[in-house]
Amino acid sequence: MPKHAIEANFDGLVGPTHNYAGLSWGNVASKSNVHAVSNPREGALQGLQKMKRLADRGYVQGILPPHERPHMPTLKALGFTGSDADILQAVAKQNPVVLAAVASASCMWTANAATVSPSADTTDHRVHFTPANLSAKFHRSIEHVVTGRALASIFSDEAYFAHHKALPSVGQFGDEGAANHTRLCASHGAPGVELFVYGQAAFDESRPAPVRFPARQTLEASQAIARLHGLTDEHVVFAQQNPAAIDSGVFHNDVIAVGNGNVLFYHEQAFLNEKSMLADIRTRLRGAELQAIKVMESDVPLSDAVASYLFNSQLLSTPEGGMMLAVPGECREIASVSSFLDGLVTAGGPITSVEVFDVKQSMRNGGGPACLRLRVALSDEELKAMHQGVLLDDALFERLNIWVQGHYRDELSQADLADPMLLDESRHALDELTGILGLGSIYDFQR
């Protein structure tokens, strides 16, 4: 019999150096807001408010911390020497793009933090974690070490949890984590189907691939993670993302599809071989019938889906038996998307409600509600075994709001990234945060 389990969402807390550097080629929102002045304080408070609303609805809500930024160990590895102030001044003068990269707060998008396979699917019946190498982008490729430390601190009991190192950081094994991974199941505690979506087969140039923007996830990476996690064929489906969608700005599958339970909600241009993929899922899904909700181009043009981040929404089961779609506010600003959502709720299907969340600071950098969270299905025993200090309740929410108000700037420009005071402020804030969350010394500057 399946164990009772819940799905916890671990949101990334927006970091003190949240800024708009336009570092993500292929992410339309990221490039379109390059060099705008950001508001880190507002971004962090928006993220906390999103978490609190979901926690108040009864969802288990966890927190993953920001990383140390600017990341001085990376700059030192690139040959910059001297004091921290000297290094920041030198890199700002010689290559400000590198400075922007090592100062990025991109770890806030924890959908890219890791791939997680619950114990109901794995051969050793433990929850498996593999931090994403994020090798497609320099500014993200430096995240996986600290991400791994944070996850290992939170999920430390080896009787329940297994941790793997990130895959080799080369293009052939490019891995973007859960942004290209969806789990479908009859219930969170039942064996499920893990859908790995890839952009191209790295070692087979005859296979379809995008031509304008890079495919960040490879088939080879997805296959490697399935092996590491001990997933057998009955629990896995590999599907290729439509290359035309990638070239239209759909840099991750979670920008064009989202799944929950036995529901897959997706745009008609999402997958290259849609029919065979759906057949493979239906063959493997036990205890429930797959409900595939396809959004047609005639109802929501792909450009509108990308601009609104309709599919980068959270799809969550409700206590009443339906599902709630947590969408960014931009979905109500685009006529085709807003009209579609109204019809979706009244259609009598599995999605019974839509709720709007304000995450504008994240959206301007190309990340909606779903980008901000990592999903972890946990049995009752596993939930009890994990570190409880990162789970949001009223007291922690209030404490973190005070922490943000005390440490974050309300404006940040590209020029501010070279300010050594920003580095000092960030380190002081993060040192305090690890104490609040009880995570121990996960940062390089603490070791």
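Structure shown above.
Here's a quick rundown of the structure. The structure presented is a predicted model; accordingly, all values stated were derived computationally and were not measured.

So, about the overall build of the protein. Looking only at helices and strands, the protein has 16 helices and 15 strands in total. For 447 residues, the compact-globule estimate of 2.2 N^0.38 gives 22 Å, and the protein sits close to it at 21 Å. Its C-alpha atoms give the protein principal-axis dimensions of roughly 60 × 45 × 45 Å. Looking at the protein as a whole, 60% of its 447 residues qualify as buried. Within the protein, residue pairs in contact and separated by at least 24 positions form 76% of the contacts whose partners lie at least 6 positions apart. For the protein, the exposed surface amounts to about 16,600 Å²; the carbon and sulfur share of it is 51%. Averaging the locations of the 35 positively and 50 negatively charged side chains of the protein gives two centres separated by 2 Å.

The next point concerns the sheet that holds strand E2 (residues 61-64). Across the sheet, which stays open at both edges, the three strands sit in the order E2-E1-E15 with mixed pairing between neighbours. Lying at the two open borders of the sheet, with one neighbouring strand each, are E2 and strand E15 (373-379). For this sheet the average axis-to-axis angle between neighbouring strands, irrespective of direction, equals 30 degrees. Relative to E15, strand E1 (residues 5-12) runs antiparallel, the two being bridged by seven bridges. Directly across from Ala5, in E15, lies its bridge partner Ser379. Sitting on the sheet, helix H2 (residues 40-56) is in contact with E1 and E2, with an inclination near 155 degrees to E2.

Before going further, it helps to spend a moment on unusual backbone geometry. With an omega of -5 degrees, the peptide bond between Arg69 and Pro70 qualifies as cis. Within the element layout of this structure, Pro70 appears in the loop between E2 and helix H3 (72-77). Positive phi values are uncommon outside glycine, yet Leu134 reaches one of about 50 degrees. Within the element layout of this structure, Leu134 appears in the loop between strand E4 (127-131) and helix H6 (138-141). The exposure class assigned to Leu134 is buried, which follows from its relative accessible area of 1%. Of note, the phi angle at Tyr309 is positive, near 60 degrees, even though the residue is not glycine.

What follows is about the environment of Phe357. For Phe357, the location among the structural elements is in strand E14 (residues 351-357). Separated by 28 residues in the primary sequence, Phe357 and Gly329 have C-alpha atoms spaced 5.7 Å apart. In this structure Phe357 touches Lys50, Arg53, Leu54, Ala326, Val327, Pro328 and Gly329, once residues within four positions along its chain are discounted.

With that settled, the discussion passes to the pairing of strand E13 (residues 323-328). Summarising burial for E13: six of the six residues are buried, a large majority. A two-sided burial pattern is seen for E13, the buried positions comprising Met323, Leu325 and Val327 on one face and Met324, Ala326 and Pro328 on the other. Taken together, the four bridges between strand E12 (residues 314-317) and E13 define a ladder with antiparallel strand orientation. When the sheet's bridge partners are listed, Gln314 is paired in E13 with Ala326. Hairpin remark: E12 followed by E13, antiparallel, with five residues in the connecting loop; positive phi at Gly321, about 105 degrees. By the bridge criterion, six bridges tie E13 to E14 in an arrangement that is parallel. Looking at the pairing, Pro328 lines up with Phe357 of E14. Once the chain exits E13 it traverses helix H12 (residues 335-346) before rejoining the sheet at E14, and the crossover so formed is right-handed.

Another point: the pattern of salt bridges. On inspection of all chains with the given rule, the structure shows 19 salt bridges. Residue Glu355 is joined to Arg57 by a salt bridge in which the shortest nitrogen-to-oxygen separation is 2.1 Å. A residue pair is termed long-range when its members are at least 10 positions apart, and Glu355 in strand E14 and Arg57 in the loop between H2 and E2 qualify at 298 residues. Given a relative accessible area of 21%, Glu355 falls into the partly exposed group. Since its relative accessible area comes to 32%, Arg57 is described here as partly exposed. Look at the salt bridges and you will find they share partners, linking Lys52, Asp56 and Asp394 into a network.

Strand order in the open sheet formed by three strands is E9-E10-E11, with mixed pairing between adjacent strands. Looking at the sheet topology across the chains shown, the edges are occupied by strand E9 (257-260) and strand E11 (291-295). Looking at each pair of strands side by side, their axes are set apart by 10 degrees on average, direction ignored. Sheet strands touched by helix H10 (residues 274-284): strand E10 (263-267) and E11. Its angle to E10, the strand with the most contacts, is close to 170 degrees.

Parameters and conventions
One numbering rule holds for all chains: residues counted from 1, following each sequence as written. Only residues with pLDDT of at least 70 are given local features in this predicted model, and only at 80 or more are side-chain atom pairs given and counted; all residues enter the totals for whole chains, interfaces and linings. Computation of side-chain values: all heavy atoms of the structure, hydrogens and water removed. Where helices and strands are cited, they refer to DSSP runs of H or I of at least four residues and of E of at least two residues respectively, numbered from the N terminus. Using C-alpha atoms as the atom set, the radius of gyration is obtained and then compared with a globule rule of 2.2 Å times the number of residues to the power 0.38. Each residue is assigned to one of three classes by its accessible area relative to the maximum for its type, calculated with a 1.4 Å probe on protein chains only: buried under 20%, partly exposed between the two thresholds, exposed over 50%. Here, two residues are considered to be in contact whenever any of their heavy atoms come within 4.5 Å of each other. The Shrake-Rupley method, run with a 1.4 Å probe, gives the accessible areas here. Residue values count only the displayed protein chains as cover. The positive count covers Lys and Arg only, the negative count covers Asp and Glu only, and His and the chain ends enter neither. To locate a charge, take NZ of a lysine, CZ of an arginine, CG of an aspartate or CD of a glutamate. Pairing between strands is defined by DSSP: at least two bridges between the two strands are required. In this analysis an axis means a line fitted to C-alpha atoms, helices contributing only their contacting stretch, and an angle means the value between N-to-C directions, from 0 to 180 degrees. Crossovers are described as right-handed under a simple rule: with the strands pointing away from the observer, the path leading from the first strand over the helix to the second runs clockwise. We define a salt bridge as a side-chain nitrogen of Lys or Arg found within 4 Å of a carboxyl oxygen belonging to Asp or Glu.

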